[in-house]
Amino acid sequence: MINMIFLGPPGAGKGTQSAYIIRDYGLVQISTGDLLRQAVKDQTPLGKEAKVYMDAGQLVPDSLIIGLMKDRLASPDCAKGVIFDGFPRTIAQAEALDAMLKNDLKTEITQIISLNVADELLVERAVGRRSCPKDGKVYHIKYNPPKVGGVCDLCGTTLAHRDDDREDTIKNRLKVYHETTSLLKGYYGNSGKFTEVDGEGNPDDVYVKIKRILG
Ligand code: ADP
Ligand code: AMP
C-alpha cells in the first residue's frame, strides 16, 4: 500500500509524474489545486472564497483546505492508495493529514518525494504550461507540445492557460513555496520516508528515479 506525498514548487512536474504513477501503480491522485479550480469553475462558496487567494498566488487558508481534503478522503477510492499532489503546503496541513489518515483511514504516509527544480526553469515551465479543460492532460508549448497546435491530443478540446501561470503570479507562488511550503522538508526530513529527487531531467528520466523509490 502506497500513500505518497509529492512535495515541490509549482511547475516541478508533480502532476506530470503523477500521471505515470497512476498508470503503473493504480493509485488515486488528489491535487488540491485541481479540486480548488473545479470549485472555482462551479462557483461554489468555497470556490468564490479561494479564488481571491489563488489569483494572488497566495495560499488558501488551512481551514478551507483541510475541510476539502477531509471530504475527499471520505471517498472509498482512496483505499487504493493516494498520491497527495500540492498538499500539504503548511505544517498545520501536514499535522491534519497525519491525524486524518490515522484516525479516519487507519493508515499512514509511506513516502514523501520532494521534486527539486531551479526557480528560473520553474517560471519557464509554468508560463508554457497548457492543459486540457476536459480531461486535465498537461502539455508544455516547448517541452511537451500537443501534436496539433493548441488542442488536446486525446479529445481535440482547445487547451487552456491557467490564470495563475502568468510570470508575476508565479513569482509570488515561488516566494510562498520558499517561505512556507519548503519548511515541510524539515517536518518530514527525519521520518525515514523522505527522499529528494532532481526534477530537472526529462520526464522519463525523472520517473526512473521515482520508480526506484516506490519499488
Ligand atoms: P506541477 O504539477 O508540479 O505544478 P506540472 O506537472 O504541471 O507541474 O508541470 C509543469 C509544466 O512543466 C507542464 O507544462 C509540463 O508539461 C512541464 N514539465 C513537467 N515535467 C517536465 C520535465 N521533466 N521537463 C520539462 N518540462 C516538464
Ligand atoms: P497548484 O495547482 O498546486 O499549483 O495550486 C494552485 C493554487 O491553489 C495555489 O497557488 C494556492 O493558491 C491554491 N492551493 C492549492 N493547494 C493548496 C494547499 N494545499 N494549501 C493552500 N493553498 C493551496
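Not measured: the values here are computed from a predicted model.

Calculation criteria
- Residues numbered from 1 in each chain as written.
- Chains lettered and ligands numbered in written order.
- Predicted model: local features only at pLDDT ≥ 70, side-chain atom pairs only at ≥ 80, totals over all residues.
- Heavy atoms only, no water.
- Pairing = 2+ DSSP bridges.
- Helix = DSSP H or I, 4+ residues; strand = E, 2+ residues; numbered from the N terminus.
- Axes fitted to C-alpha atoms, helices over the stretch in contact; angles between N-to-C directions.
- Contact = heavy atoms within 4.5 Å.
- Near = heavy atom within 4 Å.
- Polar contact = N/O pair within 3.5 Å; in protein donor to acceptor, adjacent residues only side chain to side chain.
- Nonpolar A, V, L, I, M, F, W, Y, C, P; charged D, E, K, R; others polar.
- Areas by Shrake-Rupley, 256 points an atom, 1.4 Å probe, with all protein chains shown as cover.
- Core = buried A, V, L, I, M, F, W, Y, C linked by side-chain atoms within 4.5 Å.
- Buried < 20%, exposed > 50% of the residue type's maximum accessible area, 1.4 Å probe, protein only.
- Disulfide = S-S within 2.5 Å.
- Parallel < 35°, antiparallel > 145°, perpendicular 65-115°, else oblique.

## Some thoughts on the sheet that holds strand β3 (residues 82–85)
The pairing of strands in a sheet comes from backbone hydrogen bonds and takes either a parallel or an antiparallel form.
Then, number 1: The 5 strands lie next to each other as β2-β3-β1-β4-β7, forming an open sheet whose pairing is parallel. Across the chains shown, the open sheet's two edge strands, defined by having one partner strand only, are β2 (28–31) and β7 (194–198). When the angles between neighbouring strand axes are averaged without regard to direction, this sheet yields 20°.
Then, number 2: Of the strand pairs in this sheet, strand β1 (residues 4–7) and β3 are connected by 3 bridges, and their pairing is parallel. When the bridges of β3 are listed, M4 appears paired with I83.
Then, number 3: Along the sheet, helix α4 (residues 62–73) makes contact with β2 and β3, crossing β2 at roughly 160°.
Then, number 4: Against the sheet, helix α9 (residues 203–214) touches β1, β4 (111–116) and β7, its axis set at about 160° to β4.

## Side note on the site of ligand 1
Then, number 1: Residues in contact with ligand 1 amount to 18 residues; listed here are only the nearest, G11, G15, T16, R129 and Y139.
Then, number 2: Contact between ligand 1 and G11: an oxygen atom at 2.8 Å from a main-chain N or O atom of the residue.
Then, number 3: G201 is positioned with one of its backbone polar atoms (N or O) 2.8 Å from a nitrogen atom of ligand 1.
Then, number 4: Those elements that place two or more of their residues in the shell around ligand 1 are α1 (14–25) and β6 (138–140).
Then, number 5: Tallied by class, the residues present in the shell around ligand 1 amount to 7 nonpolar, 8 polar and 3 charged.

## Notes on the site of ligand 2
Then, number 1: The full set close to ligand 2 counts 16 residues, and T32, R37, Q58, R89 and Q93 are the nearest of them.
Then, number 2: One of the backbone nitrogen or oxygen atoms of V60 is found 3.0 Å away from a nitrogen atom of ligand 2.
Then, number 3: Separating an oxygen atom of ligand 2 from a side-chain N or O atom of R162 is a distance of 3.2 Å.
Then, number 4: For ligand 2, whose unbound accessible area comes to 480 Å², protein coverage reaches 96%.
Then, number 5: Among the elements that make up the shell around ligand 2, the one with the highest residue count is helix α2 (residues 32–41) (4 residues).
Then, number 6: By residue class, the composition of the shell around ligand 2 is 6 nonpolar, 5 polar and 5 charged.

## Some words on the nonpolar core
Then, number 1: Core analysis: the largest hydrophobic core is formed by 27 residues, its most contacted members being I5, I30, L73, F84, L97 and Y188.
Then, number 2: Those elements that place two or more of their residues in this core are β1, β2, α3 (45–56), α4, β3, α5 (91–104) and α8 (184–189).
Then, number 3: Excluding its chain neighbours within four sequence positions, the residues that come into contact with L97 are I5, L73, F84, F87, P88 and I109.
Then, number 4: Core analysis: the second largest hydrophobic core is formed by 21 residues, I2, F6, L115 and V206 among them.

## Let's talk about the state of the cysteines
Then, number 1: Using the criterion set out here, one finds 0 disulfides in the structure.
Then, number 2: Of all cysteine sulfurs, the one in C132 lies closest to C155, which takes part in no disulfide; the gap is 3.6 Å.
Then, number 3: For C155, a relative accessible area of 31% puts it in the partly exposed group.

## Some remarks on the packing of α2 against α4
Then, number 1: Their axes nearest at 11 Å, the elements α2 and α4 cross at an angle of 100°. The orientation of α2 with respect to α4, classified from their angle, is roughly perpendicular. Residues T32, L35 and L36 of α2 form the contact with α4, whose participating residues are I65, L68, M69 and R72.
Then, number 2: Partitioned by chemical class, the residues of the contact of α2 with α4 number 5 nonpolar, 1 polar and 1 charged.

## Considerations on the pairing of β1
Then, number 1: Residue alternation in β1 divides its side chains into two sets, M4 and F6 and I5 and L7, and both sets are buried.
Then, number 2: Here β1 pairs with β4 via 4 bridges, running parallel. Within β4, the position partnered with M4 by the bridge is Q111.

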